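A structural walkthrough
For reference, the chains in residue letters:
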Amino acid sequence: MLLRGCVLRNTEWCFGLVIFAGPDTKLMQNSGRTKFKRTSIDRLMNTLVLWIFGFLVCMGVILAIGNAIWEHEVGTHFQVYLPWDEAVDSAFFSGFLSFWSYIIILNTVVPISLYVRWREGGPSARLRWGPQYPGVPQPDLPLPCSVEVIRLGHSYFINWDKKMFCVKRQTPAEARTTTLNEELGQVEYIFSDKTGTLTQNIMVFNKCSIHGHSYGDMFDLLGHKAELGERPEPIDFSFNPLADNKFVFWDPSLLEAVKTGDPHTHEFFRLLSLCHTVMSEEKDEGELYYKAQSPDEGALVTAARNFGFVFRSRTPKTITVQELGSAITYQLLAILDFNNIRKRMSVIVRNPEGKIRLYCKGADTILLDRLHPSTHELLSATTDHLNEYAGEGLRTLVLAYKDLDEEYYEEWAVRRLQASLAQDSREDRLASVYEEVENDMMLLGATAIEDKLQQGVPETIALLTLANIKIWVLTGDKQETAVNIGYSCKMLTDDMTEVFIVTGHTVLEVREELRKAREKMLDASRTVVNGFPCQEQLSTSKLTSVLEAVAGEYALVINGHSLAHALEADMELEFLETACACKAVICCRVTPLQKAQVVELVKKYKKAVTLAIGDGANDVSMIKTAHIGVGISGQEGIQAVLASDYAFSQFKFLQRLLLVHGRWSYLRMCKFLCYFFYKNFAFTMVHFWFGFFCGFSAQTVYDQYFITLYNIVYTSLPVLAMGVFDQDVPEQRSMEYPKLYEPGQLNLLFNKREFFICIAQGIYTSVLMFFIPYGVFAEATRDDGTQLADYQSFAVTVATSLVIVVSVQIGLDTGYWTAINHFFIWGSLAVYFAILFAMHSNGLFDMFPNQFCFVGNAQNTLAQPAVWLTIVLTTVVCILPVVAFRFLKLSLKPDLSDTVRYTQLVRKKQKAQHRCLRRVGRTGSRRSGYAFSHQEGFGELIMSGKNMRLSSLALSGFTTRSSSSWIESLRRKKSDSAGSPSGTSDKPLKG
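Below or above, wherever it landed, is the structure these notes cover. Quantities reported herein were computed from a predicted structural model and do not represent experimental measurements.

Some words on the environment of Arg668
- Secondary-structure assignment places Arg668 in helix α22 (residues 653-691).
- Considering only alpha carbons, one finds Arg668 and Leu720, 52 residues apart in sequence, at a separation of 9.6 Å.
- Not counting chain neighbours up to four residues away, the residues in contact with Arg668 comprise His154, Phe157, Met722, Gly723, Val724, Phe725, Asp726 and Gln727.

Below is the structure:
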């Protein structure tokens with residue numbers, strides 16, 4: 001609507017001012033463009049409001065034409081005592097004026113009050129802090145009304161939910177916006193990060209491979225691996241006064257290798273103690289505190305610390321390490337920092353003997369291609385260990401080194417300096433220089449870090465899957481690790497028909513692998529469309545519905561380099577159709593930009609609400625792109641939370657957010673809107689019918705005070721109470737029957753069809769509301785035999801009938817009665833009668849004789865039995881069809897929620913009977929990975945030497961901040977309508 005557009009433009013104007021004035025300017029500029037998110041109901045409402053306005057104009061035209069005809073045919077005969085105004089010189093001009101009069105009278109049919117009510121003072125009103133732009137003030141031009149009040153109530157319910165409160169972190173759930181609550185009840189696709197979202201992001205050094213020898217496994221006397229409960233005591237690190245007491249490792253042979261002076265083992269831990277950007281703080285003698293950029297780095301440096309290679313301190317040019325009790329200071333020559341493209345980090349140091357060496361750690365897919373050919377045999381053994389660690393779901397990292405002679409380093413340092421000072425393409429030039437030196441390295445070994453699943457993740461994913469929500473995992477980890485986590489959290493199961501793995505390096509390879517996957521799915525379902533194989537026409541609606549209805553369960557796993565080809569314009573549809581036919585999708589080794597591109601692809605071609613959930617800075621773009629963004633307040637700071645619409649501490653809370661709060665919010669909003677349109681049309685259309693009996697003179701049926709108070713006092717609070725508190729089933733049943741979530745996905749409760757049904761019911765009510773009293777008053781008399789019919793008595797009768805009918809109707813619509821509902825419904829009726837009698841009382845007449853001149857009219861009218869009989873008859877005739885229809889629907893075609901309520905009622909009866917009776921009786925596969933998806937490192941800041949204390953504090957922030965066949969048929973119908981990609985992205989509506 002126009003008003004909403006004005007608010008948005010003013011908000012963006014204010015946003016622009018704050019960017020240049022605020023202290024967090026750089027953070028806001030680097031966070032990407034913040035999109036104004038709106039729900040599908042909002043977009044539908046804008047369309048419906050335009051339709052209603054068009055309907056209002058049509059009514060005005062009809063009545064204006066009627067006025068012109070009446071004035072020309074009939075009104076001319078009454079010019080003697082009903083003359084036209086001086087400005088009116090013809091019947092046509094009278095009709096023109098009548099048009100605008102009826103537009104004003106009938107304007108209550110347009111639901112402007114549904115959204116906003118202007119605050120006194122307008123643009124000069126105070127600023128408020130807007131949820132869509134965290135930390136940015138927005139102009140408070142409109143005072144939220146109706147819809148916004150309901151949404152605010154739903155947001156408070158989320159914030160107050162004790163079952164979404166994390167005791168360990170003392171963090172409640174937080175609704176950071178009030179505009180998307182009902183969209184939570186319509187989600188079809190969830191895009192989730194892995195590390196820190198599905199897992200705890202608490203890293204533990206578990207195993208390692210050093211020079212072809214694997215450490216970390218314990219074996220019994222028979223040579224079998226010992227389980228955790230069968231293992232002996234962990235290693236005793238008491239020999240090391242600087243050891244971290246929380247660190248646990250089980251294999252004593254690794255410590256023995258360190259103590260015996262194995263050079264490869266020493267070099268392994270020396271690399272871990274030097275190649276990092278960790279900051280160290282020693283508060284007391286021997287008490288070291290590490291502040292790491294990522295949990296992976298902290299775990300690796302801590303492991304080196306416990307095995308005798310203790311990182312003590314650093315300056316911009318040196319690193320001090322205590323190696324087996326001896327303090328050694330290395331000259332730090334360069335830090336080749338980590339980023340999401342390089343996927344590795346290196347340092348170049350000079351030891352006390354003057355030898356220059358490069359130490360490097362990174363993803364195996366990157367580092368193994370940069371090793372010297374002489375390490376072939378060692379590479380084979382290390383690869384086997386990597387595969388073994390991958391099968392256990394551990395996060396892997398490869399370590400390597402390279403010796404540099406003085407002359408080569410001096411030449412390379414000059415090229416690096418020139419690249420760092422370049423005015424254009426600085427990052428690309430630095431990457432090229434880094435690439436040059438990070439080659440022909442010698443392999444040292446590999447590390448394996450464990451990151452356990454969060455509590456409740458498998459159960460949450462299983463429940464959301466039953467609610468027909470598809471979950472896609474977008475992670476920066478290795479394919480094997482992601483697949484292993486997929487099995488651990490029950491996204492992937494051994495019962496699946498097949499798990500397709502796409503690893504092609506070229507466009508043709510990726511296209512062929514996707515084609516084979518579709519062929520296997522279609523062959524399994526033995527489905528042919530019009531006699532031709534379904535895969536021949538990928539963009540057709542029939543192929544979409546066929547693929548999504550294939551027999552069996554499938555999963556798709558795709559690597560980052562393959563995904564880059566799959567997201568190209570000529571292949572994105574093939575990828576999307578294949579992925580959407582699968583029950584689970586896992587995208588590995590993806591960059592933050594690719595995450596956002598995958599979400600945008602689904603938004604573009606599927607009529608579905610998307611939700612993205614993550615915990616780190618690399619998830620911000622994905623969170624902003626999705627319809628709904630959820631931030632996990634975990635180990636990687638609060639960037640994701642700041643960019644999100646909803647935030648909590650654990651992934652398991654997502655099931656309650658969607659299946660309880662989201663479903664209830666959608667149900668409440670839909671019932672509220674349906675009733676709101678019904679009561680407004682029932683109220684307004686009476687004027688339209690009355691126009692045919694008053695010479696189209698724009699005379700109103702009700703008095704001016706009733707028109708003013710109808711939406712503000714008489715009918716506002718009951719519908720707000722229903723919109724805030726209503727439930728169809730209790731929260732336990734919402735979790736027990738996840739299929740209850742599907743009506744929201746299919747947009748069944750409020751759409752164009754439901755809108756027209758509500759309008760039809762309102763018009764039907766208005767017809768009876770006018771013509772039944774009109775027919776009765778034409779012949780009825782008072783108790784004393786005088787004529788009952790007069791304008792004010794008729795107005796009181798119609799108004800009273802209307803208030804009673806809409807009150808009874810909202811009573812029928814209310815599914816969950818609270819004391820507030822009772823108070824508002826019956827209180828509104830009582831307030832109506834109190835105000836009615838007060839306006840026709842002697843007291844107000846004495847004070848305002850020109851305003852309240854119909855003294856005693858209400859008392860005299862409502863004292864007549866014929867009037868009450870008319871009111872009762874009108875109420876029964878208006879309500880009876882609704883009751884009959886709902887009774888037949890419950891009997892012949894009940895919804896799932898109706899069935900659940902009936903089951904709950906039966907259970908209560910059975911429990912009551914049981915208590916009475918008791919009283920009577922008393923008398924597989926490879927999977928692994930390395931997390932490279934955190935943000936770029938702080939190597940440049942460390943080397944610059946600018947305020948080392950400040951950089952330490954900056955790094956510390958990363959660690960201290962805390963159903964039934966009819967539903968299926970509708971779903972297939974919806975898939976058919978969404979098949980043509982060219983027509984889906986422009987439509988704001990679902991279903």
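Points about the packing of aromatic side chains
- Evaluation of the coordinates by the stated rule reveals 54 aromatic pairs.
- An angle of 35 degrees between the planes, with centres 5.9 Å apart, marks the rings of Tyr290 and Phe311 as tilted. Taken together, the residues span a long stretch of sequence, with Tyr290 in strand β10 (residues 287-291) and Phe311 in strand β11 (residues 309-314) at a distance of 21 residues.
- Residue classification places Tyr290 among the buried residues on the basis of a relative accessible area of 17%.
- Connected via pairs of aromatic rings, a cluster forms that spans Phe688, Trp689, Phe690, Phe692, Phe693, Phe696, Phe770, Phe771, Tyr774, Phe777, Tyr791 and Phe794.
- Note that Arg305 overlies the ring of Tyr290, its terminal NZ or CZ placed 5.3 Å from the centroid.
- Above the face of the Phe676 ring, Lys679 is positioned so that its terminal group lies 4.5 Å from the ring centre.

Description of the pattern of salt bridges
- A full pass over the atoms with the stated rule returns 48 salt bridges.
- Arg515 is paired through a salt bridge with Glu519; the nearest N and O atoms lie 2.2 Å apart. With Arg515 and Glu519 both in helix α15 (residues 507-525) and four residues apart, the pair spans about one turn of that helix.
- Residue Arg515 is classed as partly exposed on the basis of its relative accessible area, which comes to 27%.
- Since its relative accessible area comes to 24%, Glu519 is described here as partly exposed.
- Between Glu736 and Arg907 there is a salt bridge, with the nearest N and O atoms lying 3.3 Å from each other. With Glu736 in helix α25 (residues 731-736) and Arg907 in helix α33 (residues 896-922), this pair connects stretches of sequence that are 171 residues apart.
- The partly exposed category is assigned to Glu736, whose relative accessible area is 38%.
- A relative accessible area of 30% means that Arg907 is categorised as partly exposed.

A word on the pairing of strand β15 (residues 356-362)
- Counting buried positions along β15 yields seven of seven residues, so the element is predominantly enclosed.
- The side-chain alternation of β15 yields two buried faces, one formed by Ile356, Leu358, Cys360 and Gly362 and the other by Arg357, Tyr359 and Lys361.
- In this sheet, β15 lies alongside strand β14 (residues 344-350) in antiparallel orientation, the contact comprising seven bridges. Looking at the pairing, Arg350 lines up with Ile356 of β15.
- Connecting β14 to the antiparallel partner β15 that follows it, the hairpin turn spans five residues, and Gly354 within it adopts a positive phi of roughly 90 degrees.

Things to note about the side chain of Gln454
- Here Gln454 lies in the loop between β17 (442-450) and α13 (457-466).
- A distance of 3.1 Å separates a polar atom in the side chain of Gln454 from the backbone oxygen of Gly196.
- Within the structure, Gln454 has its side chain in polar contact with the backbone nitrogen of Phe651 (distance 3.0 Å).
- Ignoring any residue separated from it by four or fewer positions in sequence, one finds Gln454 in contact with Gly196, Thr197, Leu198, Thr199, Gln200, Gln650 and Phe651.

Re the packing of helix α28 (residues 791-813) against helix α32 (residues 865-892)
- Put simply, α28 and α32 touch, their axes get as near as 9 Å, and they point 30 degrees apart. With respect to α32, the element α28 is oriented roughly parallel. Like other packed secondary-structure pairs, α28 and α32 cross with a definite hand, here right-handed. Only Val867, Trp868, Thr870, Ile871, Thr874, Thr875, Cys878, Ile879, Val882, Val883 and Arg886 of α32 make contact with α28, whose side of the interface consists of Thr797, Thr800, Ser801, Ile804, Val805, Val808, Gln809, Leu812 and Asp813.
- Considering only residue class, the contact of α28 with α32 consists of eleven nonpolar, seven polar and two charged.

Rules used in this analysis
Residues numbered from 1 in each chain as written. Predicted model: local features only at pLDDT ≥ 70, side-chain atom pairs only at ≥ 80, totals over all residues. Heavy atoms only, no water. Helix = DSSP H or I, 4+ residues; strand = E, 2+ residues; numbered from the N terminus. Contact = heavy atoms within 4.5 Å. Phe/Tyr/Trp six-rings, centres within 6.5 Å; stacked < 30°, edge-to-face > 60°. Buried < 20%, exposed > 50% of the residue type's maximum accessible area, 1.4 Å probe, protein only. Lys NZ or Arg CZ within 6 Å of the ring centre and 35° of its normal. Salt bridge = Lys/Arg side-chain N within 4 Å of Asp/Glu carboxyl O. Pairing = 2+ DSSP bridges. Polar contact = N/O pair within 3.5 Å; in protein donor to acceptor, adjacent residues only side chain to side chain. Axes fitted to C-alpha atoms, helices over the stretch in contact; angles between N-to-C directions. Parallel < 35°, antiparallel > 145°, perpendicular 65-115°, else oblique. Left-handed = near helix turned anticlockwise from the far one by under 90°. Nonpolar A, V, L, I, M, F, W, Y, C, P; charged D, E, K, R; others polar.

So, to be careful, I would describe these as geometric facts and stop short of saying anything about function.
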